[in-house]
Amino acid sequence: RHSSGSELEPEEEPSSSEEEEEEQKQETEKCSASAVSSAEKPEEGARKAVVEQPPTGPSAPASQRASNKPSCKPAVFIPVDRSPEIQEARLKLPILAEEQVIMEAINENPIVIICGETGSGKTTQVPQFLYEAGYASSNGIIGITEPRRVAAVSMSQRVAKEMNLSHRVVSYQIRYEGNVTDETQIKFMTDGVLLKEIQKDFLLSKYKVIIIDEAHERSMYTDILIGLLSRIVPLRQKKGLPLKLIIMSATLRVEDFTDNNRLFSVKPPIIQVDARQFPVTVHFNKKTPLDDYSGECFRKVCKIHRMLPSGGILVFLTGQAEVHSLCRRLRKAFPYQKNNTAGGEDDKEDSVEEMRKFKKSRKRRKVMTLPKIDLNNYSVVPVDEGDEDRDADTDDDAAGSDIDLDLGDGDSEEDEKSDSSLPLYVLPLYSLLAPEKQAKVFRAPPPGTRLCVVATNVAETSLTIPGIKYVVDCGKVKKRFYDKITGVSSFRVTWVSQASANQRAGRAGRTEPGHCYRLYSSAVFMDFEKFSAPEITKRPVEDLILQMKALNIEKVVNFPFPTPPPTETLAAAEELLIALGALKEPPVTGRLKQQLAAKLSCPISPLGRIMATFPVAPRYAKMLALSRQHNCLPYTITIVSAMTVRELFEEFDRPAVSEEETAQLKGKRARFLQMQKIWAGQGPMQKLGDLMVMLGAVGACEFAGCTRKFCEENGLRYKAMLEIRRLRGQLTTAVNSVCTDAGLYVDPKMKPPTEAQATYLRQIVLAGLGDHVARRIQAEELLDDKWKNAYKTALLEDPVFIHPSSVLFKELPEFVVYQEIVETTKLYMKGVSAVEPEWIPALLPPYCHFGKPLENPPPSYCPQRGRVRCHRPSVFYRVSWQLPAVEVD
Ligand code: CDP
Ligand code: MG
């Protein structure tokens, strides 16, 4: 065939228009070839359709082209057998009206951006359009990336169902699992999975189309993928194997992708899908509650349910614990199962009382109506008190429904009574929830009930819940914050951005006009930041930089980031990777500044290449790379899995709902502490500290067969244990693929490590967490009471402490190494192990300051330099540890 010749690199590069034509020709030929095999259509027909396509410049906006050209059906059409109900539901989606415009734009441009309000049908429909147009075939499939695992799994299931195809054809792949087969034609995956694939095959040759979904979320991997794909797409074009890139966003804020000439040389067309959004009336609270927003949510839901016409309620809270506690309260107040009224009475009376108070205050509240949520314009103008005209407008608009939906007018007894007996069908929704429980929100609630979903941020854009008419927005979100340099992280509950608040409000107007109750004042809203900053600018990037170096992108500063991370973040990452030995250190000469510049372009080392193949953070990857010695690998894999999964243990410190529960929690906590001690072992084992506890907990749990019962009895989180098991399997495979002779098999039922192994494990952990060494301030060094029992770290000026949940909390070893520092009331180290000072110079020379040889002095710590001081030719090199030569082929 003709195309086989042009797959060779052309000697002379064709001019851009020729190249474009060439690309189109081959593109369509590929499509038609695939169509012939799968749909048995005559090849001639497909060819003819190509000829009819008028050539159009890639930069013309799609909407213009669409208006002045004849209908351009795709060259091929792969029939899909959808059920009548599905077909009917699809036809209601706004994106269906744009199918032709979208497909024309994709046929004619290598890169296309699609913007459409959440629920317009982007994620579920665009892959189907492409499939029908023959973009998926034996020589290339359709890939879709999602920033969240929940979305990747649930969307693949939804699309398979809509298309009436098996999961072997419409599949998903997330970090731990997937159902991809040889037959897969549409593949949903997390953005991290695609990044790994680029490492193995830079040209992504098995894909014909890549769709980057939820680009507005600006997750770090999404950003980096867009940067990489901006280079891969032209490369594929040159090779004569064109790749289509589609970027999908729920907002129109895409200028970081389009007006960025480092990224795309030709501005890609933007297709805007009409939102078809029903008007949402936004109600602000007069006052902003300071902390009890959860209680405020409860009161608001009670009022809505008692006083307003049918329609689902969606509540936005910040975290899993909050979601559950509100669900419990609501279920008690409006039991779905009639027999389950115990304890509900208090809450009910509570809410009646609250409603009384609320009615008194209602006159002072502000109400405003948005005629339609406009993607372009999120600026909400609050109605000033006493602004008569506007108030009148507001009432008019709301008068569309029988009851004034400003809750406050439901004064009459009838209103109150009318709905209060109706059960509320309360469902939680958050990302760690089991998939089958998540799926419940998509189904219709049982007849005679009202749906109420209590959700975290996942319901903001990734998932669309049908039938929501009322949104209750606490205005907060829980986010992980990182210190740019030290990487110290803390979870903080902060105000959302205006864009997020408007997205949340928009969830109320999908099927009919809706209402959004904001539990904060319009003045507070005005102070929200407009958009939240891209993730890449807010977190440490060492994992990302290692992945990029593995792709031989040495000068990361020159990479076309949609929004570049701050230089100091890049420098911190590069420095850490050098210290870990993942990058080759530059010859240090010249001034500091030059050093810094040089550091930002260090090439990857052989060790770094191995580390990059492990799907864990660089510090952990280093531990894995070292662990073949002394048969430590199964243990390190377990420790790393446990540290990655986080929160192995049930939370006993959460506020209890009742006194009975307080007592229960106390009992559980005591029993758990006892277990912890047993798991931590004794002597050398115990020095491994919290990591030994993790190892012991996993070991014991696996020994018992990893049952839910065992976990509940011992304060372990069952879900975390299952996840650790999966990750252990996956890491074992990853290790085996690097060290082909390892032939490792991790037996879920591990034997405990020997004492010697426990010591080696501490050394391995130290080698990986070298910048996380801390030394306890000794009594004679105490300057200030705030340093009592405190540790000094290399990275922070302030005292840090061992977290009370640690088994080393009372031991207080002189030198420790920690997994992370979390800031709550103080700076706390979590995941703590004890280390011997003499290991430090042997294992962490980059962090040590070597002085003149002396008579056997002990290593000491120099707080000014944040370094351990020790002395060269010393006995300390004769520790029972060898820095291994990592073997590469
Ligand atoms: O991606 P986008 O937000 O534009 O929309 P989508 O996720 O493709 O959803 C389109 C429609 O499919 C929405 O109205 C959802 O309610 C519906 N849907 C559903 O009913 N069940 C699912 N599991 C997923 C989506
Ligand atoms: Mg979507």
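Residues numbered from 1 in each chain as written. Chains lettered and ligands numbered in written order. Predicted model: local features only at pLDDT ≥ 70, side-chain atom pairs only at ≥ 80, totals over all residues. Heavy atoms only, no water.

Colleague: Would you take a moment to explain the overall build of the chain for this structure?
Modeller: Along its length, the chain carries 33 helices and 24 strands. Per-residue burial for the chain yields a buried fraction of 54% across its 889 residues. Excluding contacts between residues fewer than 6 apart, the proportion of contacts in the chain whose partners are at least 24 apart in sequence is 73%. Total accessible area on the chain is roughly 39700 Å²; 51% of this is exposed by carbon and sulfur atoms. (Helix = DSSP H or I, 4+ residues; strand = E, 2+ residues; numbered from the N terminus. Buried < 20%, exposed > 50% of the residue type's maximum accessible area, 1.4 Å probe, protein only. Contact = heavy atoms within 4.5 Å. Areas by Shrake-Rupley, 256 points an atom, 1.4 Å probe, with all protein chains shown as cover.)

Colleague: What exactly am I supposed to notice about the side chain of Q819 here?
Modeller: Locating Q819 in the fold gives a position in strand β20 (residues 815-823). A polar contact of 3.1 Å, which involves the side chain of Q819, links it to the side chain of Y620. Other than its neighbours up to four places away in sequence, Q819 contacts Y620, M643, M694, L769, H772, K830 and G831. (Polar contact = N/O pair within 3.5 Å; in protein donor to acceptor, adjacent residues only side chain to side chain.)

Colleague: Please explain the pattern of salt bridges as it appears in this structure.
Modeller: Any two side chains of opposite charge can pair, so long as their charged atoms come close to each other. Across all of its chains, the model carries 26 salt bridges by this definition. The residue K206 makes a salt bridge to E197 at a minimum N-O spacing of 3.6 Å. Overall, the relative accessible area of 43% leaves K206 in the partly exposed class. Relative accessible area serves as the criterion here: at 14%, E197 is assigned to the buried category. R504 is the partner of E460 in a salt bridge, and the nearest nitrogen-oxygen pair spans 3.1 Å. Of the two residues, E460 sits in helix α18 (residues 458-461) while R504 sits in helix α19 (residues 498-506), which places them 44 residues apart along the sequence. Across the pair, R504 and E460 agree in class, each one buried. Several salt bridges converge on common partners, so that one network encompasses K187, E197 and K206. (Salt bridge = Lys/Arg side-chain N within 4 Å of Asp/Glu carboxyl O.)

Colleague: I would appreciate a short explanation of unusual backbone geometry in the present structure.
Modeller: Across residues other than glycine, the phi torsion is negative in most instances, and most of the peptide bonds are trans. Of note in this structure, E214 is not a glycine but carries a positive phi near 55°. Within the secondary structure layout, E214 lies in the loop between β5 (207-212) and α10 (220-238). For E214, a relative accessible area of 5% translates into the label buried. Positioned with a positive phi, R218 is a non-glycine residue whose angle comes to about 55°. With respect to the helices and strands, R218 occurs in the loop between β5 and α10. Residue classification places R218 among the buried positions, given a relative accessible area of 4%.

Colleague: Any chance you could explain the environment of T449 here in plain terms?
Modeller: Residue placement: T449 occurs in the loop between α17 (435-439) and β12 (450-455). Separated by 23 residues in sequence, T449 and V426 have C-alpha atoms that sit 9.5 Å apart. Once residues lying within four places of it in the same chain are set aside, the contact partners of T449 are Y336, L422, P423 and Y425. In this structure the side chain of T449 is engaged in a polar contact, spanning 2.6 Å, whose partner is the backbone oxygen of P446.

Colleague: I would appreciate a short explanation of the packing of aromatic side chains in the present structure.
Modeller: Aromatic ring pairs are defined here through the distance separating the ring centres and the angle between the ring planes. In the structure shown here, the tally under the stated rule is 8 aromatic pairs. Here the aromatic rings of W495 and Y520 are separated by 5.7 Å at their centres, their planes lie at 65°, and the arrangement is edge-to-face. Residue W495 is found in strand β15 (residues 489-495), and its partner Y520 is found in the loop between β16 (514-518) and α20 (522-527); the two are separated by 25 residues along the sequence. A relative accessible area of 0% places Y520 in the buried class. With a centroid separation of 5.2 Å and 45° between ring planes, the pair formed by Y520 and F528 is classed as tilted. Cluster of aromatic residues (ring-pair linked, three or more members): F284, W495, Y520, F525 and F528. Above the ring of W495, the side-chain terminus of K476 is found at 4.3 Å from the ring centroid. (Phe/Tyr/Trp six-rings, centres within 6.5 Å; stacked < 30°, edge-to-face > 60°. Lys NZ or Arg CZ within 6 Å of the ring centre and 35° of its normal.)

Colleague: What is the right way to look at helix α32 (residues 755-768) in this model?
Modeller: Helical periodicity: at 3.6 residues per turn, an α-helix aligns residues three or four positions apart in one direction. The end-to-end C-alpha distance of α32, which contains 14 residues, comes to 20 Å, matching closely the 20 Å that a straight helix rising 1.5 Å per residue would cover. With respect to burial, α32 is a largely interior element, 11 of its 14 residues being buried. Every buried residue belonging to α32 is among Q757, A758, Y760, L761, R762, Q763, I764, V765, L766, A767 and G768, and all of these are buried. (Expected span 1.5 Å × (residues − 1).)

Colleague: Explain the site of ligand 1 to me, please; I cannot follow it from the model alone.
Modeller: In the vicinity of ligand 1, 13 residues are found, and the nearest of them are G119, G121, K122, T123 and T124. Here an oxygen atom of ligand 1 and a backbone polar atom of S120 are 3.3 Å apart. Measuring from an oxygen atom of ligand 1, one finds a side-chain N or O atom of T123 at 2.6 Å. Against a free-state accessible area of 540 Å², the protein chains account for coverage of 87% of ligand 1. Looking at the shell around ligand 1, the elements that each hand over two or more residues are α7 (122-132) and α8 (149-163). Among the residues forming the shell around ligand 1, the class breakdown is 3 nonpolar, 7 polar and 3 charged. (Near = heavy atom within 4 Å. Nonpolar A, V, L, I, M, F, W, Y, C, P; charged D, E, K, R; others polar.)

Colleague: Mind showing me how you'd approach the packing of helix α21 (residues 542-550) against helix α22 (residues 567-580) here?
Modeller: The geometry of α21 relative to α22 is characterised by a closest axis approach of 9 Å and an angle of 70° between their N-to-C directions. By the angle between their axes, α21 is roughly perpendicular relative to α22. Handedness of the crossing formed by α21 with α22: right-handed. Note on element contacts: α22 touches α21 through L570, A573, E574, L576 and L577, opposite E542, I545, L546 and K549. Counted by class, the contact of α21 with α22 contains 6 nonpolar, no polar and 3 charged residues. (Axes fitted to C-alpha atoms, helices over the stretch in contact; angles between N-to-C directions. Parallel < 35°, antiparallel > 145°, perpendicular 65-115°, else oblique. Left-handed = near helix turned anticlockwise from the far one by under 90°.)

Colleague: I would appreciate a short explanation of the pairing of β20 in the present structure.
Modeller: If a strand is regular, its side chains alternate between the two faces of the sheet. Where burial is concerned, most of β20 is hidden: 8 out of the 9 residues are buried. Relative to β20, strand β17 (residues 773-776) runs antiparallel, the two being bridged by 3 bridges. By the bridge assignment, A774 is partnered in β20 with V816. The pairing of β20 with strand β21 (residues 827-834) spans 7 bridges and is classified as antiparallel. Bridging from a neighbouring strand, I821 pairs with M829 of β21. Connecting β20 to the next strand, β21, in antiparallel fashion are 3 residues. (Pairing = 2+ DSSP bridges.)

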